[in-house]
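Summary of the model geometry
The primary structure of each chain is shown beneath.
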Amino acid sequence: LYWRQLVVLSIILLLALLVYGQATGYSFMYDDPLELPRGEGRSLISLLTSSEGYASFRPLPFILWQAMRWLLGGYDLFWFHLIPVLAHALNGCLVYLLAARLIGRKAAALAGILFVLYPFSYQAVPWVSALFHPLVTVFILSALLLYDRARTEVAVGQAFQPAGPSRPWLLLSLLSAALAILTHELGVVIGPLILAWEAWLWQQRRPARPSLWPLVYLGMGAAFAIAWLLVPKQKSADLAPLDALGLWQNAVYFLQGFAYPVTGALGWLSDLTGWQAETLVIPAIALALTFMIVAYVRAKALPTLALALWWLGI
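Residues numbered from 1 in each chain as written. Predicted model: local features only at pLDDT ≥ 70, side-chain atom pairs only at ≥ 80, totals over all residues. Heavy atoms only, no water.

When pLDDT drops low, the exact placement of atoms in the prediction is not to be read closely. Per-residue confidence for the protein chain gives a mean pLDDT of 86; residues scoring 70 or more make up 92%. Under a pLDDT of 50 for its full length, residues 154–163 has, in the predicted model, 13 contacts with residues more than four places off or in other chains. (pLDDT = per-residue confidence, 0-100. Contact = heavy atoms within 4.5 Å.)

For the rest of this paragraph, the subject is helix α8 (residues 167–183). In this model, α8 (17 residues) spans 24 Å end to end at C-alpha, consistent with the 24 Å of a helix rising 1.5 Å per residue. What α8 keeps buried is the set Leu170, Ser173, Leu174, Ser176, Ala177, Ala180, Ile181 and Thr183. The inward-facing, buried residues of α8 contact α4 (59–72), α7 (132–152), α9 (190–203) and α10 (214–230). (Helix = DSSP H or I, 4+ residues; strand = E, 2+ residues; numbered from the N terminus. Expected span 1.5 Å × (residues − 1). Buried < 20%, exposed > 50% of the residue type's maximum accessible area, 1.4 Å probe, protein only.)

With that out of the way, let us pick up the side chain of histidine 184. Note that histidine 184 resides in the loop between α8 and α9. At a separation of 2.9 Å, a polar atom in the side chain of histidine 184 contacts the main-chain amide nitrogen of leucine 186. Setting aside chain neighbours within four positions, we find histidine 184 in contact with Arg58, Phe132, His133 and Val136. (Polar contact = N/O pair within 3.5 Å; in protein donor to acceptor, adjacent residues only side chain to side chain.)

The next point concerns the pattern of salt bridges. Per the stated rule, a full pass over the model turns up 4 salt bridges. A salt bridge links arginine 58 to glutamate 185; the nearest nitrogen and oxygen atoms lie 2.7 Å apart. Here arginine 58, found in the loop between α3 (44–49) and α4, pairs with glutamate 185, found in the loop between α8 and α9; they are 127 residues apart in sequence, far enough to count as distant. (Salt bridge = Lys/Arg side-chain N within 4 Å of Asp/Glu carboxyl O.)

As structure tokens, this is what we get:
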């Protein structure tokens, strides 16, 4: 089994490099010249305790960029583009490993390949200053995989699952969760995700009993939310008011990813019927959800679907 895993992981890595490796020859784009130098002249303590001239608090990428600038003697195009490409390739491997725990290795291989070939946010790969997104994904997926290992590891010769988590794997998972939170605000989803993963594991009767460790991850997210409010930041004029219409519009836009590839045909269907594609999104989502429920019922895997929907909701 291990050599098969290595083959799949190698294919995913190779595909990611073949498709996105050309980005290492690109120039800096979009906000790169504005974002990359933000950490210049600031100490490590300053980067970890304030967000000068920035509307968000995402210290880890700025620390990484300044470390690279110091090591390379400047903003080298090749190496600065290579990091997000490698992060994307690693995420494809992590998607495969995580999906293998849920849906089996064959379907997981397809998931990993689809992820590297067609991510929802393909601009995040060649755009250097979008490193926040593939990097936070690396840490979120790693934290989940490490938590799964901590909760399901079986000692040699034992015929039962341990009641408590394996400490080394758990500590690594917590470290990865902390790095996710320091990379991007999206890192706070790790708490609800760990909670859902624990519920799925328990439903599968893999650990002997539920664990309270998900509360620690939730606490980390709450602590970061408080820190985010306290850290000095630049006020942004781009933030739209949070109202019901805005939430609905963003939710419908986001859910197109859930209903893919059905939503991929909406442009053609709109031309055929004369209806707006935005109007067709809702029945497309309902159709996709119905299909998924039927498929998962037939596979007797409703808990896996519940986990996927919970993840989407988060």
